[in-house]
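# Fold and contact review
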Amino acid sequence: MFLTLYSAVDFLLLAIGIVLSTQFAYGCTILILEKTMLGYYEVAIFDPPTTLFQKITNAFQKGMLGSGPYIYTKIEKYNWFLRKILFLVALLVQGILSVTLYTVLSMIVDYIFFG
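Residues numbered from 1 in each chain as written. Predicted model: local features only at pLDDT ≥ 70, side-chain atom pairs only at ≥ 80, totals over all residues. Heavy atoms only, no water.

## Description of the overall build of the chain
Along its length, the chain carries five helices and zero strands. Helices (α) and strands (β) of the chain occur, in sequence order from the N terminus, as α-α-α-α-α. On the principal axes, the C-alpha backbone points of the chain span a range of 50 × 35 × 20 Å. Counting all 115 residues of the chain, 29% fall into the buried class. (Helix = DSSP H or I, 4+ residues; strand = E, 2+ residues; numbered from the N terminus. Buried < 20%, exposed > 50% of the residue type's maximum accessible area, 1.4 Å probe, protein only.)

## Brief notes about the packing of aromatic side chains
In this structure the tally under the stated criterion is two aromatic pairs. Arranged with centres 4.9 Å apart and planes meeting at 20°, the rings of Y6 and F114 form a pair that is stacked. With Y6 in helix 1 (residues 5-33) and F114 in helix 5 (residues 80-114), this pair connects stretches of sequence that are 108 residues apart. Overall, F114 belongs to the partly exposed group, its relative accessible area being 34%. With centroids separated by 5.3 Å and ring planes inclined at 85°, the aromatic side chains of Y72 and F87 adopt a geometry described as edge-to-face. (Phe/Tyr/Trp six-rings, centres within 6.5 Å; stacked < 30°, edge-to-face > 60°.)

## Comments concerning the pattern of salt bridges
Applying the stated criterion to the full structure yields three salt bridges. A salt bridge links E34 to K84; the shortest N-O distance between them is 3.0 Å. Taken together, the residues E34 in the loop between helix 1 and helix 2 (35-44) and K84 in helix 5 connect sequence positions 50 residues apart. Neither residue differs from the other here; E34 and K84 are each classed as buried. Through salt bridges with shared partners, one network takes in E34, R83 and K84. (Salt bridge = Lys/Arg side-chain N within 4 Å of Asp/Glu carboxyl O.)

## Thoughts on the environment of D10
Take D10: it is sitting in helix 1. The sequence separation of D10 and V109 amounts to 99 residues, and the corresponding C-alpha distance is 9.4 Å.

## Here's the deal with the environment of I75
Examined against the element boundaries, I75 turns out to sit in the loop between helix 4 (67-74) and helix 5. Through-space distance from the C-alpha of I75 to that of L86 is 7.5 Å; in sequence the pair is 11 residues apart. Once residues within four sequence positions are removed from consideration, I75 is found in contact with R83, L86 and F87. (Contact = heavy atoms within 4.5 Å.)

## Considerations on the side chain of Q61
Tracing the chain through its elements places Q61 in helix 3 (residues 52-65). Exposure remark for Q61: the relative accessible area of 17% places this residue in the buried category. Setting aside chain neighbours within four positions, we find Q61 in contact with Y41, A44, I45 and G66.

## Section: helix 1
Compared with an ideal rise of 1.5 Å per residue, which puts 29 residues at 42 Å, helix 1 spans 42 Å between its outermost C-alpha atoms and is within 8% of the ideal. What helix 1 keeps buried is the set V9, L13, L20, Q23, Y26, G27, I30 and L31. Against the buried residues of helix 1 lie helix 2, helix 3, helix 4 and helix 5. Looking one or two places after helix 1, you find E34, whose phi comes out positive at around 50°. (Expected span 1.5 Å × (residues − 1).)

Here it is in structure tokens:
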């Protein structure tokens with residue numbers, strides 16, 4: 001099977017969709033499991049990264065899973081109930097923005113490549 005323009009564009013849209021959905025799914029698991037998922041994230045991040053491998057690993061982790069822990073650490077100063085409500089609102093906004101961004105990118109790519 002050969003990689004054509006149509007399949008390359010579909011692959012690009014699929015990759016964007018995977019990143020957006022992974023960010024949202026990890027945020028949902030943080031909402032449910034809280035400190036456990038943040039602990040796994042902190043173990044996977046090298047601080048400070050010294051080698052090229054550690055820098056690539058950090059970029060991958062932050063690119064695939066970074067929005068949930070970032071938002072959660074920003075609202076960590078509030079009490080448990082308010083933190084859960086604020087994070088749920090942030091997840092809803094992130095989900096709506098992810099779907100909107102994917103739809104807009106898909107329409108733009110379809111218009112550019114498929115007429």
